[in-house]
Amino acid sequence: LTEISDARSSGRILYEALRKEGIEVSIEELSNPGLEIILEKHAPEDTIVFNLCEALPGIPNSERRVAEIIREKGFTYTGNVPEVIELSYDKQKTKELLISLGIRVPYGTLLAPDEAASWTIFPAIVKPSREHCSLTLTEKSVVFDTGSLREQIRLVNRELDQPAMVEDFIDGREFHVSLWGNGRVEMLPPAEMDFSAFSDVHDRLCTYDAKFIPGSVHYENIHTILPSTLTDGELAELERVCRAAYKAIGCRDYGRIDVRLRDGAFYVLDINPNPDISEDASMASAAEHVGISHGDMASNLL
């Protein structure tokens, strides 16, 4: 219920911001899988769909299908195409693509529980191979031994019914980098996740609680530094890496790249097409830092 309320609230705020920009707007709330029925009320030739939908209700992993339906019905729409959305959910394929283009990523692979003994790099992090939003990520996701590794792999397999990705845990500074544009891609000021409140390496990551559970230890103690305190040289290198990653998977309109810095090298952790653009999310905050209001940001995306 909280997620529904938050979605309605952020949708209404965006609606009002666009109206203030002089744009005629209507909100369509998708409360069942019948997206086609909703779209039939609008004319593709004079309507742009601002796609904020992450799934068809009751149909898991259907974010790609949402974009497919909008495209099949002939609408112009914001955000990324179905193929890019699908690729972003396949962490192994994305990792292989980035490696092939010389973009540094954490060493990692898909492992089953009975393969845990073959892994020798610790600390390691165990995460889902086909999810966004840090599902199942807790302080226990960072492991230092084979037994804990096996246990976390089983947890991902059991709770999400998908393979687990095991990676070298990059214990370093983390940046959430928003980019937008087609052809000419612009990087907004990077937001740095400040883990300085935590001395235990297990806690130095953006868990599910950190993103979605107010009052939790991680939510309250991981702070955002905007803009990040990078040198000019580091900022230039971060921009080079993020632009390359954005273009590598074919991002369109906007996206967010999550990156960590260790020993002077930037590692791409994740690529998020169609990231959260609500008023308090990192992209909107980064835009506001350079004088772009929420309404301006939304208008630019249109």
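As shown above, the structure is provided for reference.
Peer 1: Help me out: how do you make sense of the state of the cysteines in this one?
Peer 2: Here a disulfide denotes one covalent bond, and it connects the sulfur atoms of two cysteines. Here the structure, examined in full by the defined rule, presents zero disulfides. Looking at the unpaired Cys242, the closest cysteine sulfur is the one in Cys251, lying at 11 Å.

Peer 1: What is the right way to read the pattern of salt bridges from this model?
Peer 2: Within the structure shown, the criterion is met by 20 salt bridges. As a salt-bridge pair, Glu167 and Lys95 come within 2.7 Å of each other at their nearest N and O atoms. In this pair, Glu167 is assigned in strand S6 (residues 164–168) and Lys95 in helix H5 (residues 91–100), connecting sequence segments 72 residues apart. The structure contains a network of salt bridges with shared partners spanning Arg64, Arg65, Glu68 and Glu72.

Peer 1: Would you mind showing me how to read unusual backbone geometry here?
Peer 2: For residues besides glycine, phi is generally negative; the peptide bonds are generally trans as well. Put simply, Phe122 and Pro123 share a cis peptide bond, and its omega is 0°. At the junction of Leu226 and Pro227, the peptide bond is cis and its omega measures out at 0° in the coordinates. Along the polypeptide, Pro227 turns up in the loop between strand S10 (223–225) and helix H9 (232–248). Here Thr136, not a glycine, exhibits a phi torsion of approximately 70°, which is positive. With respect to the helices and strands, the residue Thr136 is situated in the loop between strand S4 (124–128) and strand S5 (142–143). The buried category is assigned to Thr136, whose relative accessible area is 16%.

Peer 1: Any chance you could explain a negative patch on the surface here in plain terms?
Peer 2: On the surface, Glu3, Asp6, Glu54, Asp276, Glu279, Asp280 and Glu288 cluster together into a negatively charged patch. Relative to the assigned elements, Glu54 resides in the loop between strand S1 (48–49) and helix H3 (63–72).

Peer 1: Sorry, what's going on with the packing of aromatic side chains here?
Peer 2: Given two aromatic rings, one states the distance between the centres and the angle between the planes to describe the pair. Per the counting criterion, the structure on display carries two aromatic pairs. On the basis of an interplanar angle of 20° and a centroid distance of 5.5 Å, the ring pair of Tyr107 and Trp119 is categorised as stacked. Of this pair, Tyr107 sits in the loop between H5 and strand S3 (108–111) while Trp119 sits in the loop between S3 and S4, and the two are 12 residues apart along the sequence. Under the relative-accessibility criterion, Trp119 is labelled buried at 6%.

Parameters and conventions
- Residues numbered from 1 in each chain as written.
- Predicted model: local features only at pLDDT ≥ 70, side-chain atom pairs only at ≥ 80, totals over all residues.
- Heavy atoms only, no water.
- Disulfide = S-S within 2.5 Å.
- Salt bridge = Lys/Arg side-chain N within 4 Å of Asp/Glu carboxyl O.
- Helix = DSSP H or I, 4+ residues; strand = E, 2+ residues; numbered from the N terminus.
- Buried < 20%, exposed > 50% of the residue type's maximum accessible area, 1.4 Å probe, protein only.
- Patch = residues over 30% accessible without salt bridge, like charges linked within 9 Å, V, L, I, M, F, W, Y side chains within 5 Å.
- Areas by Shrake-Rupley, 256 points an atom, 1.4 Å probe, with all protein chains shown as cover.
- Lys, Arg positive; Asp, Glu negative; His and termini not counted.
- Charge placed at Lys NZ, Arg CZ, Asp CG, Glu CD.
- Phe/Tyr/Trp six-rings, centres within 6.5 Å; stacked < 30°, edge-to-face > 60°.

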